[in-house]
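Chain by chain, the residues run as shown.
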Amino acid sequence: MFDPNQLGALLGSMQDSIKELEEQNKQTTLTAKSGGGLVSVSANGAGEVIDISIDDSLLEDKESLQILLISAFNDLCKNIESNRQSSALNLLNGLGGGFNIFGGKPNA
């Protein structure tokens with residue numbers, strides 16, 4: 001049977017967990033490198049770029065620098081998205097334990 005009290009508790013718990021997850025993501029640092037480490041771009045889990053490192057040898061070669069920056073940024077975006085998906089799955093798995101808004105016992 002549907003229990004609105006359990007649904008309300010689940011939603012409240014989920015909102016708290018999402019806020020906590022967002023804060024944890026801001027504390028997570030993800031880095032992508034290209035050109036064998038000549039270019040490095042770092043961002044937090046919220047997707048905010050926090051550091052870019054460029055080897056001095058690239059400063060005279062604009063085209064190579066552009067290519068390596070694009071590659072590093074693209075890899076970083078993939079890493080950020082993967083981190084978000086992983087965090088969301090962990091959140092959902094954590095919330096699923098014990099809550100059953102329709103009554104009865106949770107699936108084992």
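Quick look at the structure, then. The structure presented is a predicted model; accordingly, all values stated were derived computationally and were not measured. (Residues numbered from 1 in each chain as written. Predicted model: local features only at pLDDT ≥ 70, side-chain atom pairs only at ≥ 80, totals over all residues. Heavy atoms only, no water.)

On to the nonpolar core, then. Core analysis: the largest hydrophobic core is formed by 12 residues, namely Leu 30, Ala 32, Val 39, Val 41, Ala 43, Leu 58, Leu 65, Leu 68, Leu 69, Ala 72, Leu 76 and Ile 80. No other element matches the six residues that helix α2 (residues 62-96) contributes to this core. Those residues within four positions of Leu 58 in sequence are excluded, and the remaining contacts are Leu 38, Val 39, Ser 64, Leu 65 and Leu 68. (Core = buried A, V, L, I, M, F, W, Y, C linked by side-chain atoms within 4.5 Å. Buried < 20%, exposed > 50% of the residue type's maximum accessible area, 1.4 Å probe, protein only. Helix = DSSP H or I, 4+ residues; strand = E, 2+ residues; numbered from the N terminus. Contact = heavy atoms within 4.5 Å.)

On to the pairing of strand β2 (residues 39-44), then. The buried count for β2 comes to six of six residues, which makes it a mostly enclosed element. Here β2 shows a buried face lined by Val 39, Val 41 and Ala 43 and a second buried face lined by Ser 40, Ser 42 and Asn 44. Here strand β1 (residues 29-34) hands over to β2 after four residues, with Gly 35 in that stretch at a positive phi of 65°. The pairing of β2 with strand β3 (residues 49-54) spans five bridges and is classified as antiparallel. Directly across from Val 39, in β3, lies its bridge partner Ile 54. Hairpin remark: β2 followed by β3, antiparallel, with four residues in the connecting loop; positive phi at Gly 47, about 95°. (Pairing = 2+ DSSP bridges.)

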